[in-house]
Amino acid sequence: MIKKQNISGSEALIHCLLAEGVDLIYGYPGGAIMPFYDELYKFQDKLQHVLTRHEQGATHAAQGFARVSGKVGVCVATSGPGATNLVTGIADAMIDSTPMVCITGQVPSHLLGSDAFQETDIIGISTPVTKWNYQITDVKEIPEIMAKAFYIARSGRPGPVLVDITKNAQFDTSDFEYKSCKSVRSYKPIPELNPSEIDAAAAIISSAKKPLIVWGQGVILGKAEEEFKTFVESSNIPAAWTILGVSALPTSHPLNVGMVGMHGNYGPNVLTNDCDVLIAIGMRFDDRVTGRLDSYAKQAKVIHLEIDPAEVNKNVKADVAVLGDVKQTLPILTQKVASKPYTEWFEKFKAHDKIEFDQVINNDLNPTKEGLSMAEVLKEINRASNSDAVVVSDVGQHQMIACRYATFNHSKSNITSGGLGTMGFALPAALGAKMGAPDREVVAIIGDGGFQMTIQELGTIFQTQAAVKVVVLNNDFLGMVRQWQQLFFDKRYASTEMVNPDFVKIAEGYFIDAKRVTKREDLGKAVDEMMASDKPYFLEVCVEKEDNVFPMIPSGASVSEIRLS
């Protein structure tokens, strides 16, 4: 418990952050939050503030920090446009279950509802995309509400919380007493464990001949990587991942059979509709994973291990739902499931892997075209980083290539915008990831389109000198949209070709070392030079303009209808 006598709301807010172990925040000052910033000036030795170049950059940086560190990310903005500029990142954090506390300033209480300068109803705007939000109008509310905000953000299925604080509440004074929040009435972050559900799941798995595990980010969010690995190895069941789940199990693990979803691997997608038991662990059956629901795994019994009851039976009906924290439920299930060889089942995966390698992977990694492929850039980064880097990808073709071809030895190594698909995510998220894991290499993989949505955050990287390695795969197109236009709209490339600036000169304008690669023989050396740098580094790789990402499940198709070309 922390007690202070007669302090301002702004100072109280800072003591709340310090009590929650926060030592790094991202933000952008303005009129309605200025009292907080004035107080923050006095605490610079305890609480580092990173001035991003846009409030959206602050949210994505806080996301990257949270995803790599496992802590709650914190960002701050002023009222009106400052607050509304946070909304994209908040929505992204909500759908990807990222713990974040967003603090916004607000006009004084007596002006609420008067359309005062820079007044916006951020509570109303953010309600659909926050786990919880609250407007503080009285200084005395600050400690209780902030404690509740951090508890809700990090507990159970994590998510973003927004706290809006009026200017008078920041100026006014009150005695301060801070108690960390341990519970909230009517809020149960972890469902009560039902042993009969685990028994039923174990019975189904024990009778399976062709079981398949599909795991998602819930394994990582639950800090259950070791428990998950033990379950996979003890049961000897092939395991596939969603894009947010990748890295929970090393890429090289023999039971890791690859990625499911629209641009996932051939075997796990096709064999989803051949397995007799589908074990979903910490994933939500997103439409990009399932394709057509009326033809998804209809032959299989479905077991769903999930912490959020709202996700059970939402998209795919579960025969057995094991509610709870997977860190608790997986060890119990492991004890009840015996290992089997599944020899013929594994042979099917190997056969499909060979088909995909011959028709897709080999061409991606060892192209015969003169132009560079996106996949061979990832191959060089894997080599130069020994697969130990954190890879932060933006949204588009390069994202799918990064998820398909980046290899990982450690958890929390793949950071991307999954559910919302936010272009512009990667550059600020990579900054946050580097600050959340300063001892790890962080490589941002970005397309030329997404890069220009938050390109100003090069200024934040320069000012902080965070040693982020930024790789722009430049094909002069909005590549993913162009691919769809080619395949489904008779090559009508409407508004997708980009006329780009000189990215190297722009990076150099921010005093960041930069290089452009156009030839295959120069790629390896350039990647080595980038990885050897102990400073921020920008590498532009000019790749084939009209390369496509395959395999691909067309929109509205079944996972069995996955295309290899």
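In this text the structure is predicted, and so the values were computed from the model without any measurement.

Reading guide: rules and limits
- Residues numbered from 1 in each chain as written.
- Predicted model: local features only at pLDDT ≥ 70, side-chain atom pairs only at ≥ 80, totals over all residues.
- Heavy atoms only, no water.
- Pairing = 2+ DSSP bridges.
- Helix = DSSP H or I, 4+ residues; strand = E, 2+ residues; numbered from the N terminus.
- Axes fitted to C-alpha atoms, helices over the stretch in contact; angles between N-to-C directions.
- Contact = heavy atoms within 4.5 Å.
- Buried < 20%, exposed > 50% of the residue type's maximum accessible area, 1.4 Å probe, protein only.
- Polar contact = N/O pair within 3.5 Å; in protein donor to acceptor, adjacent residues only side chain to side chain.
- Core = buried A, V, L, I, M, F, W, Y, C linked by side-chain atoms within 4.5 Å.
- Salt bridge = Lys/Arg side-chain N within 4 Å of Asp/Glu carboxyl O.

Describe in detail the sheet that holds strand β13 (residues 301–306), supporting the description with residues and values.
The six strands are arranged β11-β10-β9-β12-β13-β14 in an open sheet whose pairing can be described as parallel. Edge positions in the sheet fall to β11 (256–259) and β14 (320–323), since each has one partner strand and no second. Strand-to-strand twist across the sheet, computed as the mean angle between neighbouring axes with direction ignored, equals 20°. Both β13 and β14 contribute to a ladder of four bridges, which runs parallel. Note on β14: the bridge partner recorded for leucine 305 is valine 322. The strands touched by helix α14 (residues 326–336) within the sheet are β12 (277–281), β13 and β14, with β13 carrying the most contacts at an inclination of about 135°.

Help me get a handle on the side chain of asparagine 382, residues and values and all.
Position of asparagine 382 among the secondary structure elements: in helix α16 (residues 374–385). The buried category is assigned to asparagine 382, whose relative accessible area is 13%. In terms of polar contacts, asparagine 382 uses its side chain to reach the backbone carbonyl oxygen of tyrosine 405, at 2.8 Å.

Describe the nonpolar core, and please don't skip the residues or the numbers.
Residues Phe228, Leu278, Ile281, Ile303 and Val471 are the most contacted members of the largest nonpolar core, which totals 101 residues. Ranked by the residues each element gives to this core, the list is headed by helix α15 (residues 343–365), at six residues. Grouped together as the second largest cluster of nonpolar side chains are 50 residues, Ala83, Leu86, Val129 and Phe451 included.

So what's going on with the pattern of salt bridges? Which residues, and what values?
Throughout the structure, instances matching the rule amount to 28 salt bridges. For glutamate 177, the salt bridge identified is with lysine 179, shortest N-O distance 3.8 Å. Arginine 284 is the salt-bridge partner of aspartate 286, the closest N and O atoms lying 3.4 Å from each other. We classify aspartate 286 as buried; its relative accessible area is 18%. When salt bridges with common partners are traced through the structure, they connect Arg157, Asp308, Glu311 and Lys314 into a single cluster.

Quick one: what's the story with the side chain of threonine 98, residue by residue and with numbers?
Among the secondary structure elements, threonine 98 is positioned in the loop between α5 (87–95) and β5 (100–106). Excluding residues within four positions of it along the chain, threonine 98 makes contact with Gln63, Ala66, Arg67, Ala93, Pro158, Gly159 and Pro160.

Tell me about the sheet that holds strand β3 (residues 48–51), and name the residues and values.
Overall, parallel pairing links the six strands, which are arranged β3-β2-β4-β5-β7-β6 in an open sheet. Each end of this open sheet is capped by a strand with a single partner; those strands are β3 and β6 (132–136). Going across the sheet, the axis of each strand differs from the next one's by a mean of 20°, ignoring polarity. The sheet contact formed by β6 and strand β7 (residues 160–166) spans five bridges and is parallel. Counterpart to tryptophan 132 in the pairing with β7 is valine 161.

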